[in-house]
Amino acid sequence: MAVEICVKAAAGAPDIVGDCPFCQRVLLTLEEKKVEYKLHLISFDAKPQWFMEVNPEGKVPLIKLDDKWISDSDVIVGILEEKYPNPSLATPAEVSSVGSKIFSSFVKFLKSKDPSDGSEQALLDELKALEEHLKTKGPYINGENISAADLNLAPKLYHLDVTLGHFKGWAIPESLTHVHNYKKVFQYIITNLFPCGLLSFCNMWIDAQYLGQLSTIYRV
């Protein structure tokens, strides 16, 4: 039975994969595992009735496996690893937490109105920890092998880049060369996986509607 997946469509471009890093994580997992799937792009401006009937909360990503609809990217990725074990994307326990606090630190810094509250330094500390890990044990979180941890983190780093650049004029320091190289590797991977959508994916970052959505989500 074919796998079906619902992901967010780009703001103003309903035929292109949108900005949600959680949806991108699941799509990258499917691609890395070479699982065939049917893609449903869900416009948040007009969610289809059938989608709301199978998923009343209206959240994405949503995947259909064995005739059952499942939400939550953590749950989905775990099930995909069990159902399609080859190639394995399991992240060893000793490195599974690498980079795991970056996204929450980013949100705190983004929402902060007090430049002295330490939220910027907390984010920098997390990025520096990632830099040190990649420098000594990279190029990926699990050394030479791409793992689920990478597919979770990489889309969030792009989300961080664009959002903080727009709202705070902030960028990941150039001195964190291994972090920047890590991002470039995944830009190459995404380009090869989604060659038709990448340009729009990049342009979408400066789309006014998208930035308006971020403003609402993060209250900035």
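Refer to the structure above for everything that follows.
Only a predicted model underlies this, so the values are computations on that prediction, with no experimental measurement involved.

Caption draft 1: Fine view of the side chain of Gln24. You can see Gln24 is positioned in helix α1 (residues 21–32). Judged by relative accessible area, Gln24 falls into the buried class, the value being 9%. A polar atom in the side chain of Gln24 sits 2.8 Å from the backbone oxygen of Gly18.

Caption draft 2: Highlighting the pattern of salt bridges. What the rule picks out here adds up to 6 salt bridges. Across the salt bridge formed by Asp74 and Arg25, the nearest N and O atoms sit 2.7 Å from each other. Of this pair, Asp74 sits in helix α3 (residues 73–83) while Arg25 sits in helix α1, and the two are 49 residues apart along the sequence. Glu57 is paired through a salt bridge with Lys59; the nearest N and O atoms lie 3.6 Å apart. Note on accessibility: Glu57 and Lys59 belong to one class, exposed.

Caption draft 3: Focus on the packing of aromatic side chains. This structure, assessed with the given rule, holds 7 aromatic pairs. Considering the side-chain rings of Phe109 and Trp170, the 5.6 Å spacing of their centres and the 70° angle between planes classify their relative orientation as edge-to-face. Taken together, the residues Phe109 in helix α4 (residues 102–111) and Trp170 in the loop between α6 (148–168) and α7 (177–193) connect sequence positions 61 residues apart. Owing to a relative accessible area of 7%, Phe109 belongs among the buried residues under this scheme. Three or more aromatic residues joined by ring pairs make a cluster, and in this case those are Phe22, Phe103 and Phe106. Looking at Lys8, its charged tip hangs above the ring of Phe44, at a distance of 5.1 Å from the centre.

Caption draft 4: Quick look at the packing of α4 against helix α5 (residues 119–137). It is the contact of α4 with α5, at a shortest axis distance of 8 Å, that shows an interaxial angle of 155°. Considering their axes alone, α4 and α5 lie roughly antiparallel with respect to each other. Handedness of the α4/α5 crossing: left-handed. Between α4, through Ile102, Ser105, Phe106, Lys108 and Phe109, and α5, the contact on the second element is made entirely by Ser119, Glu120, Ala122, Leu123, Glu126, Leu127 and Leu130. Looking at side-chain class alone, the contact of α4 with α5 contains 7 nonpolar, 2 polar and 3 charged residues.

Cut-offs and rules
- Residues numbered from 1 in each chain as written.
- Predicted model: local features only at pLDDT ≥ 70, side-chain atom pairs only at ≥ 80, totals over all residues.
- Heavy atoms only, no water.
- Helix = DSSP H or I, 4+ residues; strand = E, 2+ residues; numbered from the N terminus.
- Buried < 20%, exposed > 50% of the residue type's maximum accessible area, 1.4 Å probe, protein only.
- Polar contact = N/O pair within 3.5 Å; in protein donor to acceptor, adjacent residues only side chain to side chain.
- Salt bridge = Lys/Arg side-chain N within 4 Å of Asp/Glu carboxyl O.
- Phe/Tyr/Trp six-rings, centres within 6.5 Å; stacked < 30°, edge-to-face > 60°.
- Lys NZ or Arg CZ within 6 Å of the ring centre and 35° of its normal.
- Axes fitted to C-alpha atoms, helices over the stretch in contact; angles between N-to-C directions.
- Parallel < 35°, antiparallel > 145°, perpendicular 65-115°, else oblique.
- Left-handed = near helix turned anticlockwise from the far one by under 90°.
- Contact = heavy atoms within 4.5 Å.
- Nonpolar A, V, L, I, M, F, W, Y, C, P; charged D, E, K, R; others polar.

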